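# Survey of secondary and tertiary structure
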Amino acid sequence: MSIGKWSVDNPVLLNILMVAIIILGGFSITRLPREQFSEVPFFWVTILVPYPGASAADVEKSVTVPIENEMDGLTKIKQISSLTREGISYVQIEFDDGISKEQFARLYQEVQTRFNKVVLPEDILDPEIDDFSSSDFLPVIEVFLYGTGDKVELNKSALRLQELLLKVPEVEQVTLTGDRSRQFRIEVDQRRIEARGISLNEITRTIQNRVGSIPGGALKTPSREYLVRTFGEIDNIDELAQLIIRRNADGSIVRLGDMAACHDTLDPKAALVRYNGKQSISLQISKVVGGNSINVVDKAKEVVEQFRADLPEAYKISFFNDSTIRIRSSISVLVTNAISGFMLLVIILWLFLGVKNAFIAALGIPVAFSMTFIILELLGETLNSNSLFGLVLVLGLVVDHAIVIVENSHRLQATGLSKREAAIAATDEVVWPVFSATLTTIAAFLPLMILPGILGRFFRVIPLVVSVALVVSTIEAFTFLPLHFVEWGSLRSKQQSWFSLIEKWFSYIFKKLLRVKYYVVGGAFVLSIVVISLLGRVRQDLFSGEDYTYFFIDIELPVGTPRTKTNTFVNRFEEIILRTGALM
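Residues numbered from 1 in each chain as written. Predicted model: local features only at pLDDT ≥ 70, side-chain atom pairs only at ≥ 80, totals over all residues. Heavy atoms only, no water.

## Here's the deal with the nonpolar core
In this structure, Leu-349, Ile-365, Phe-369, Phe-373, Val-394 and Val-398 are the most contacted members of the largest nonpolar core, which totals 48 residues. Elements supplying a minimum of two residues to this core: helix 11 (323-353), helix 12 (355-362), helix 13 (364-378), helix 14 (385-394), helix 15 (400-414), helix 16 (419-445), helix 17 (453-459) and helix 18 (461-488). Within the second largest apolar cluster, 24 residues are counted, among which are Val-143, Leu-283, Ala-300 and Leu-311. (Core = buried A, V, L, I, M, F, W, Y, C linked by side-chain atoms within 4.5 Å. Buried < 20%, exposed > 50% of the residue type's maximum accessible area, 1.4 Å probe, protein only. Helix = DSSP H or I, 4+ residues; strand = E, 2+ residues; numbered from the N terminus.)

This is the structure we're talking about:
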């Protein structure tokens, strides 16, 4: 069957289909999530187990090693690494790069199952098991809550703001840095407990039983069965001081406050965070996979502004590291480049093909891009720097096939064929050459999709966009373009004088080169050797440097430097920078 004939015989169907594709593509581009870079899963699982008060050797022996031994039999493991410090164990499991997301999900569940089998000390705090992706170290925005007020109130305000931000749609987590968890510190008087014959273990057991969870069995009713469990919680320091440690035979009661001083304090080992020299707490907001960064940031800012209205005067809120600024800038630059490239492309086509023929060829760009946006939405991709780069990269390629078919149709029409006959014949003549050209171009980009490791997953969307756009543009050139040439195509009455001059010069130079063709081929070969030999001198840089509006200062002091001295040293740098007047 003739593709060209089918095209010109179905004008209503194809025109409606073209309009529908462009409209649906417009809807898709508005619904595509926008982010700086596409989500890159690392296929890592991290296990964090806090063990307060234990030395590094004890943590390694009782926590890290048992976890590593239990995880050792997992399939698809690339490596297991661990970091053990005083009071904490960190185990990281890396799986093979070639596994799918579904396989990783099953392996993640198996890690959780195996971890539950590990026998760990009773004194550990709640462990954390999490997977790892690029969004974990690329928050969409940071919110700094700072001021000169009470530290306890600052901590409470940060927790309230965290709860509000977690309710924002598409927010996955809000990580607090610099928050100091509330702690009750108990200072036992040794002489008093000895006088009463009470040991530290008895006090510890009593407190654990009071604040712990105790199973109470099952409660059966005619309709169902309930599991009973009691929970203990102490909210204030007075309640802790009134805790009964022992009831004597004579009826007297020994309370914790009789033998110890109880203090309501904050964790002294928490990270110290300051913003413009003032005590601060940072809230790092991360979005869900595939979430729209711009929508998340806009909604988060609305929540923060509402929270700011009720905030005490001693505290202020500032935004930092807003990723949407770079996202909007990148999208704006790439869209501007795409529009500029499109306009230049139309002008060049107009110069060589005429106004109507140029419009016919350029019409394939919105059709191809609209269909590409539709497919990207169906595949769950996002609109980011990589996908937009792929669109700009393929901008000039999507009209190559259209130019071939339009020019061939114009040539056959000039021989005396009607526009209908010329369009049909021109399309049928170049079907296989155009199809082969598409395959060769796609073959040049497809290897990027099968690159192993994190780099391959990062660049995967670029060849995907290029391949989809090329396939769609080829289909558009075979189906829509013959019809449009019949309806709108024109035959140029005469060749442009400037182009005739170019033809004369090209013919003159080409004839001269043909007379010395062996020297030309030899010179080209030598030039190729020289160019290849110079490749080693070219500086290699995967991502070129880019100016940012902020920079980091890393200060490293000798091992063993006290925390207070480090804080004082860093504070001196802050004062120097603040005195410059650059920070407001």
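## A look at the layout of surface pockets
Rolled over the atoms, a probe as big as a water molecule pinpoints where empty space is left. One number sums up the size of the largest pocket: a volume of about 2600 Å³. If you trace the largest pocket, you find 50 residues lining it, with Pro-50, Pro-52, Leu-125, Asp-126 and Ser-181 closest to the centre. The residue inventory of the lining of the largest pocket, partitioned by class, reads 20 nonpolar, 15 polar and 15 charged. Taken as a whole, the second largest pocket spans an internal volume of roughly 1500 Å³. Arg-274, Phe-551, Phe-552, Ile-553 and Glu-574 are the residues nearest the centre of the second largest pocket, which is lined by 34 residues in total. Those elements that provide at least two residues to the lining of the second largest pocket are strand 5 (141-147), strand 13 (274-275), strand 14 (278-287), strand 15 (315-320) and helix 21 (563-579). (1 Å grid on protein atoms, 1.4 Å probe; cavity = no way out; pocket = protein on both sides within 12 Å on 5 of 7 lines; lining within 4 Å. Points joined across faces, edges and corners; volume = space filled by probe spheres on them. Nonpolar A, V, L, I, M, F, W, Y, C, P; charged D, E, K, R; others polar.)

## Topic: helix 4 (residues 101-117)
Across its 17 residues, helix 4 extends 25 Å between first and last C-alpha, which sits within 8% of the 24 Å expected from 1.5 Å per residue. If you check which residues of helix 4 are buried, you get Phe-104, Leu-107, Tyr-108, Val-111, Arg-114 and Phe-115. End-on view of helix 4: buried residues confined to an arc of 130°, all on one side of the axis. The exposed set on the far side of helix 4, more than 90 degrees from its buried face, consists of Glu-102, Arg-106, Asn-116 and Lys-117. (Expected span 1.5 Å × (residues − 1). Arc of directions from axis to C-beta.)

## Focus: the environment of Trp-44
Mapping Trp-44 onto the fold places it in strand 1 (residues 41-50). In this structure Trp-44 touches Gln-92, Ile-93, Glu-94, Phe-104, Asp-130, Asp-131, Phe-132 and Ile-454, once residues within four positions along its chain are discounted. (Contact = heavy atoms within 4.5 Å.)

## Things to note about the pattern of salt bridges
Under the definition given, this model contains 14 salt bridges. Salt-bridge contacts for Arg-274 lead to Glu-574; the nearest nitrogen and oxygen are separated by 2.7 Å. Taken together, the residues Arg-274 in strand 13 and Glu-574 in helix 21 connect sequence positions 300 residues apart. For Arg-274, a relative accessible area of 26% puts it in the partly exposed group. (Salt bridge = Lys/Arg side-chain N within 4 Å of Asp/Glu carboxyl O.)

## A few points about helix 5 (residues 151-166)
Residue pairs three or four apart in sequence face the same way in an α-helix, which turns once every 3.6 residues. For helix 5, built from 16 residues, the straight-helix expectation of 22 Å at 1.5 Å per residue is met to within 8% by its first-to-last C-alpha distance of 23 Å. Every buried residue of helix 5 is listed here: Leu-154, Asn-155, Ser-157, Ala-158, Leu-161, Gln-162 and Leu-165. Buried positions in helix 5, seen along its axis, are confined to an arc of 160° and lie on one side of it. Looking at the buried positions of helix 5, the neighbouring elements they touch are strand 5, strand 6 (171-177), strand 14, helix 10 (293-309) and strand 15. Capping the start of helix 5, Asp-150 holds a side-chain oxygen 3.3 Å from the backbone nitrogen of Glu-153, two or three residues further along. (Polar contact = N/O pair within 3.5 Å; in protein donor to acceptor, adjacent residues only side chain to side chain.)

## Quick notes on the packing of helix 15 against helix 16
Remark: helix 15 packs on helix 16, axes separated minimally by 8 Å, with the N-to-C direction vectors making an angle of 145°. In the packing of helix 15 onto helix 16, the handedness of the crossing is right-handed. Across the interface between the two elements, His-401, Val-404, Ile-405, Asn-408, Ser-409, Arg-411, Leu-412 and Gln-413 from helix 15 touch Lys-419, Ala-422, Ala-423, Ala-425, Ala-426, Thr-427, Glu-429, Val-430, Val-434, Ala-437 and Thr-438 from helix 16. Looking at the contact of helix 15 with helix 16 residue by residue, the classes come out as 10 nonpolar, 6 polar and 3 charged. (Axes fitted to C-alpha atoms, helices over the stretch in contact; angles between N-to-C directions. Left-handed = near helix turned anticlockwise from the far one by under 90°.)

## A word on a nonpolar patch on the surface
A contiguous nonpolar surface patch, about 850 Å² in accessible area, is contributed by Leu-501, Trp-505, Tyr-508, Ile-509, Leu-513, Val-516, Tyr-519 and Val-520. For the nonpolar patch, the secondary-structure elements that each account for two or more residues are helix 19 (497-515) and helix 20 (517-533). The greatest single-element share of the nonpolar patch, amounting to 5 residues, is contributed by helix 19. Note that Leu-501 resides in helix 19. A residue is classified by how much of its surface remains accessible, and Leu-501, at 49% relative accessible area, is partly exposed. (Patch = residues over 30% accessible without salt bridge, like charges linked within 9 Å, V, L, I, M, F, W, Y side chains within 5 Å. Areas by Shrake-Rupley, 256 points an atom, 1.4 Å probe, with all protein chains shown as cover.)

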